[in-house]
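Secondary and tertiary structure notes
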Amino acid sequence: MITEEMIKRINELAHKSKNEGLTPEEKEEQAFLRQEYIKGFRANMRAQLDQIRFVEKDGTVVKPKGVKVEIKEKLN
C-alpha cells in the first residue's frame, strides 16, 4: 500500500532528479517506489472495476463478462 510518506519521497526524488541528478542508490529507490505506486494504483483500479454492475432492461443486475481478459491483452 502506498503511503503519504512514499508519495512525498517520490516527489522529492523527482525534483532532485530534475535539478541535480540522482545517485545510483537514489535511482534504485525511485524505481522501487514507482513500482510500488503502480502496484497500488492497479489494485485500486481493479477493486473499482470489480464493483461495476449493469442493470439489464428486465431489472437483473449483471457483472461485465470478459473484462479481465480484455485488460490483460491490452497491457501485454
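Going by the structure above, here's the rest.
Below you will find a few notes about this structure. On a predicted model such as this, the values are computed, not experimentally measured, just so you know. Here the residue numbering is sequential within each chain, running from 1 through the sequence in written order. Only residues with pLDDT of at least 70 are given local features in this predicted model, and only at 80 or more are side-chain atom pairs given and counted; all residues enter the totals for whole chains, interfaces and linings. Hydrogens and water are ignored here; the side-chain numbers use all heavy atoms of the structure.

1. A few points about the overall build of the protein
Stated formally: Secondary structure elements follow DSSP: runs of H or I no shorter than four residues count as helices, runs of E no shorter than two count as strands, and numbering proceeds from the N terminus. Note on classification: 1.4 Å probe, protein chains only; a residue is buried when its accessible area is under 20% of the maximum for its type, exposed when over 50%, partly exposed between these limits. Note on contacts: a residue pair qualifies if any of its non-hydrogen atoms lie within 4.5 Å across the two residues. Residue exposure ignores everything except the shown protein chains as possible cover, and the areas themselves are Shrake-Rupley values with a 1.4 Å probe.
When helices and strands are counted, the protein shows three helices and two strands. When the helices and strands of the protein are placed in sequence order, the string is α-α-β-β-α. Buried residues in the protein amount to 9% of all 76 residues. For the protein, the share of sequence-separated contacts (at least 6 apart) that also reach a separation of at least 24 residues comes to 19%. As presented, the protein carries roughly 6,700 Å² of accessible surface, and 54% of it is formed by carbon and sulfur atoms.

2. Thoughts on the side chain of Gln 30
For Gln 30, the location among the structural elements is in helix α2 (residues 24–50). Leaving out residues up to four positions away in the same chain, Gln 30 has contacts with Leu 13, Ala 14 and Leu 22.

3. Some remarks on the environment of Thr 3
In this structure, Thr 3 sits in the segment before α1 (4–19). Look at Thr 3 and you get partly exposed, because its relative accessible area is 28%. Sequence separation of Thr 3 and Tyr 37 is 34 residues, and the distance between their C-alpha atoms is 9.1 Å.

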